[in-house]
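Now for the letters of each chain:
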Amino acid sequence: MEAAERTISQILTEQIRYEIPAYQRPYSWEKGNVEQLLDDIWEAYEAQDEEYFIGSLITIEREKGRLYDVVDGQQRLTTLNLILARLRDHIEDPEVRADLGKRVLPKNPYTGEEETPRLTLRQRDQSFFRRHVLAGQAIPDAIRKEIVKDQDAPKQRIVENLEAIDAFIGQHDQKTLKLFANFLLSKVYVVFVTTASWQSAYRLFNVLNARGMALSNADLIKNMLFARLGGNSTRSGELDEAWLELEEQIGIERLDQFMAHHRSSIVATKARRALHEEFEPLVEAAVSPFSLLGELNTSARNYLRILRNDFETPAARRAVRSLQRVAFEEWIPPLLAFLNRPEPALIANENPAPALTEDEFIDLLERITYQNWIRRLAFTARLTVYFQLITAIRAGKSADDIRAIFLSNANDDEFRSLIDGEVYGRPFAQAVLLRLEEADQDESVTKDFGGKITIEHVLPQALKDDYWRERFTDDDHRLWLHRLGNLALLAGIKNYKAKFYSFDRKKEVFSRKNDKVSFDTTKPILAADEWTKDQLASRQIDLVGRAVRVWSLASPAASATTGQPLVAESA
């Protein structure tokens, strides 16, 4: 390994070329990173510093003095190319323009043809980078819209950062720009590190943190896969294509989250280290990096089914929509494990029992998730049932075995007691009311609730109006105030002025709000002539009964007739 101080002019000169290897992350610097780099260099320029270091550039020398793979420092190197290209495009002096041009995209002085660029990005980004950065062609609006539509993060970063560089350049006159460009080339330094092997570069890559952005867990997992393949393998391009498929499916920003869910769906244990460290055993145990990436891409497709609620039946879609309202995501790994499972015929079992259907599993998963949420189980306690399910699914257990896990972790009596008690102010309150809104509707009816939704008390939180004092004692008020029967879903911002009104005045407010988004569970309140303990008790029985039918696990099919709320005992 060799390390030396080099100016930007020395690293972007002569026949030296750099390539970003397939195992590297895409261009990720954001506008703020670029503005900070420009500000720092400008500050050094104004102070007339003799040298200014911007970090290290770690490379593998593939051809002596000519071709290098960039192992660390590609974010800065790419950004320097953006800056030099835009300085070339804005500076009017032809000699300066020519010198800056050869730093990024050399031209044959005799034919005028473009030669190989100094920097080559990943394959999927290179064409855009060469055309619209190195060659300086304007980016048409159609391409800008396509980048936004496709959520192509690397290209979006390039577009945004070019705009930031243009804004910086626009603040200065021609003389200043030339002096600044000269300072950038001759006074700005990097520590240029050259290694002869991929293995030593990889070690450096994992221990050195230079100025750029921290690597994500997904980046480090990707590097593990390429480490297994070996840096000079002829199959690195194939592995890169498989990884790109994963990136395109999930999106770079969501990769870490997906990886965490996938890992849990495999090992069914609580993570105790960083995600990339938790992934090491999976990478080592895989038959090959290609087999693991194949599993990841299959899992990614099922993960997107969950996020997009892409399920065949209305019942499954309704249950998943309900699960997506839950304040935690621990329910995703068991569902992912179920969707990723091999077909029953592929499981080593001579006479496999009828498999649990997708609809039934999702229904049971919603039931146990809401029960445990309403029961206020702690994080570790919630994980117990999910890990048991994952273990059973991966072991190819029967449908009855999986049903038994759901049942053994349920507590219908505690659930019924809690849902019949105080609900307002609980983390699950709105999700419960929205699900009960759908409970008695035909499965073909789909309701998507957008905008601001609030929970209003019918019986107000203070008995200030004569209407309420005549109908409710203080004990009645305490008993009913925060229970389901007294809560109404309404659209819009909470109306604090109306909270102590009489029932008729409240109905006027509720009616206006319910016109924006119509909630069926609120309509009986609007139709009532008055609001008394009898109305409250009746509505409480109705809503608690719906909750029992939706989330009871003792006998889901029979819960509609067996689940009785505790209103009679507490009223």
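Each value, and the rule that gives it
Residues numbered from 1 in each chain as written. Predicted model: local features only at pLDDT ≥ 70, side-chain atom pairs only at ≥ 80, totals over all residues. Heavy atoms only, no water. Helix = DSSP H or I, 4+ residues; strand = E, 2+ residues; numbered from the N terminus. Buried < 20%, exposed > 50% of the residue type's maximum accessible area, 1.4 Å probe, protein only. Contact = heavy atoms within 4.5 Å. Phe/Tyr/Trp six-rings, centres within 6.5 Å; stacked < 30°, edge-to-face > 60°. Lys NZ or Arg CZ within 6 Å of the ring centre and 35° of its normal. Core = buried A, V, L, I, M, F, W, Y, C linked by side-chain atoms within 4.5 Å. Pairing = 2+ DSSP bridges. Expected span 1.5 Å × (residues − 1). Polar contact = N/O pair within 3.5 Å; in protein donor to acceptor, adjacent residues only side chain to side chain. Salt bridge = Lys/Arg side-chain N within 4 Å of Asp/Glu carboxyl O. 1 Å grid on protein atoms, 1.4 Å probe; cavity = no way out; pocket = protein on both sides within 12 Å on 5 of 7 lines; lining within 4 Å. Points joined across faces, edges and corners; volume = space filled by probe spheres on them. Nonpolar A, V, L, I, M, F, W, Y, C, P; charged D, E, K, R; others polar. pLDDT = per-residue confidence, 0-100.

**Considerations on the overall build of the chain**
Step number 1: Of the regular secondary structure elements, the chain holds 28 helices and eight strands.
Step number 2: The buried share of the chain, reckoned over its 571 residues, is 51%.
Step number 3: Taking as baseline every contact in the chain between residues at least 6 positions apart, the subset at least 24 positions apart corresponds to 75%.

**Here's the deal with the packing of aromatic side chains**
Step number 1: In total, this model carries 23 aromatic pairs according to the counting rule given.
Step number 2: With a centroid separation of 5.8 Å and an interplanar angle of 70°, the aromatic rings of tyrosine 45 and phenylalanine 183 are classed as edge-to-face. Remark: phenylalanine 183 occurs in helix 8 (residues 174-186) and tyrosine 45 occurs in helix 2 (residues 31-46); sequence separation between them is 138 residues. In this structure, tyrosine 45 and phenylalanine 183 share a single accessibility class: buried.
Step number 3: Plain terms: the ring middles of phenylalanine 338 and phenylalanine 361 are 4.3 Å apart, the flat faces sit at 5° to each other, and that makes the pair stacked. Here phenylalanine 338, found in helix 16 (residues 332-340), pairs with phenylalanine 361, found in helix 17 (residues 358-374); they are 23 residues apart in sequence, far enough to count as distant.
Step number 4: Taken together, the ring pairs in this structure connect Phe328, Tyr370, Trp373, Phe415, Phe428 and Trp551 into an aromatic cluster.
Step number 5: Across the ring face of phenylalanine 328, the terminal group of arginine 382 is positioned such that the distance to the ring centre comes to 3.9 Å.
Step number 6: Over the aromatic face of tyrosine 501 sits the side chain of arginine 505, whose NZ or CZ is 3.8 Å from the ring centroid.

**Observations regarding the nonpolar core**
The nonpolar side chains of a soluble globular protein tend to be buried, and buried together.
Step number 1: Of all hydrophobic cores here, the largest spans 92 residues; its most connected members are Leu246, Phe361 and Leu365.
Step number 2: Grouped together as the second largest cluster of nonpolar side chains are 54 residues, Val104, Leu119, Leu121 and Val159 included.

**Looking at the sheet that holds strand 5 (residues 119-120)**
Step number 1: Spatially, six strands are ordered 1-6-3-4-2-5 in an open sheet, and the strand pairing comes out mixed. Each end of this open sheet is capped by a strand with a single partner; those strands are strand 1 (2-7) and strand 5.
Step number 2: Relative to strand 6 (residues 188-195), strand 3 (residues 52-63) is paired through seven bridges, and the arrangement is parallel. Directly across from isoleucine 60, in strand 6, lies its bridge partner threonine 195.

**Re helix 8**
Step number 1: Along its 13 residues, helix 8 runs 18 Å from first to last C-alpha, staying within 8% of the 18 Å computed at 1.5 Å per residue.
Step number 2: Every buried residue of helix 8 is accounted for by Thr176, Leu177, Phe180, Ala181, Phe183, Leu184 and Leu185.
Step number 3: For helix 8, the side-chain oxygen to backbone nitrogen distance between the N-cap and lysine 175 is 3.4 Å, and the N-cap itself is aspartate 173.

**Observations concerning the side chain of asparagine 409**
Step number 1: On the secondary structure map, asparagine 409 appears in the loop between helix 19 (399-408) and helix 20 (412-419).
Step number 2: Leaving out residues up to four positions away in the same chain, asparagine 409 has contacts with Ile368, Asn372, Arg375, Thr384, Val385 and Gln388.

**Things to note about the pattern of salt bridges**
Step number 1: Scanning the entire structure with this criterion turns up 43 salt bridges.
Step number 2: Put simply, arginine 66 and glutamate 63 hold a salt bridge, and the shortest N to O gap is 3.8 Å.
Step number 3: Arginine 66 sits in the partly exposed class, given a relative accessible area of 42%.
Step number 4: For glutamate 63, a relative accessible area of 36% corresponds to the partly exposed category.
Step number 5: A salt bridge links glutamate 530 to arginine 471; the nearest nitrogen and oxygen atoms lie 3.5 Å apart. Of this pair, glutamate 530 sits in the loop between helix 25 (523-527) and helix 26 (533-551) while arginine 471 sits in helix 22 (residues 466-471), placing them 59 residues apart in sequence.
Step number 6: Salt bridges sharing partners connect three or more residues here, namely Arg122, Arg124, Asp125, Asp152, Lys155, Glu247 and Glu248.

**Describing helix 18 (residues 379-394)**
Step number 1: Here helix 18 contains 16 residues, and its C-alpha end-to-end distance of 23 Å stays within 8% of the 22 Å for a straight helix at 1.5 Å per residue.
Step number 2: Every buried residue belonging to helix 18 is among Arg382, Leu383, Val385, Tyr386, Phe387, Leu389, Ile390, Ala392 and Ile393, and all of these are buried.
Step number 3: Packing partners of the buried residues in helix 18 comprise helix 12 (255-267), helix 16, helix 17 and helix 19.
Step number 4: Phi for glycine 396, located one or two positions after helix 18, is positive at around 75°.

**Remarks on empty space enclosed by the protein**
Empty space among the atoms becomes visible once a probe the size of a water molecule is rolled across them.
Step number 1: Enumeration according to the criterion identifies two cavities of 30 Å³ or more in this entry.
Step number 2: By volume, the largest cavity is sized at about 50 Å³.
Step number 3: Along the walls of the largest cavity sit Pro26, Ser216, Ala218, Asp219, Trp243, Glu247, Ile252 and Leu255, which together make up its complete lining.
Step number 4: Elements represented by at least two residues in the lining of the largest cavity include exactly helix 10 (217-229) and helix 11 (236-250).
Step number 5: The residue makeup of the lining of the largest cavity, split by class, is five nonpolar, one polar and two charged.

**Considerations on the side chain of arginine 103**
Step number 1: Following the sequence through the fold, arginine 103 ends up in helix 4 (residues 94-104).
Step number 2: On the accessibility criterion, arginine 103 (8% relative accessible area) is buried.
Step number 3: Once residues within four sequence positions are removed from consideration, arginine 103 is found in contact with Ser9, Leu12, Thr13, Leu84, Arg118 and Leu185.

**Points about the pairing of strand 3**
Step number 1: Bridge count for strand 3 against strand 4 (residues 67-72) is five bridges, and the pairing is antiparallel. Counted as the bridge partner of glutamate 61 is tyrosine 68 from strand 4.
Step number 2: Hairpin connection from strand 3 to strand 4: three residues lie between these consecutive antiparallel strands, with glycine 65 at a positive phi of about 65°.

**Quick word on the confidence of the model for the chain**
Step number 1: On average, residues of the chain score 87 in pLDDT, and 88% of them reach the 70 mark or higher.
Step number 2: Here residues 556-571 is a poorly scored stretch, pLDDT under 50, and it has 25 contacts once near neighbours within four places are set aside; other chains count.

**Here we look at the environment of glycine 294**
Step number 1: Along the chain, glycine 294 turns up in helix 14 (residues 289-308).
Step number 2: Residues glycine 294 and glutamate 245 lie 49 residues apart in sequence; the distance between their C-alpha atoms is 9.9 Å.

**Some points on the pairing of strand 8 (residues 487-491)**
Step number 1: The buried count for strand 8 comes to five of five residues, which makes it a mostly enclosed element.
Step number 2: Here strand 8 shows two buried faces, one formed by Leu487, Leu489 and Ala491 and the other by Ala488 and Leu490.
Step number 3: Bridging between strand 7 (residues 453-457) and strand 8 involves five bridges; their strand directions are antiparallel. Looking across to strand 8, one finds that isoleucine 455 is bridged to leucine 489.

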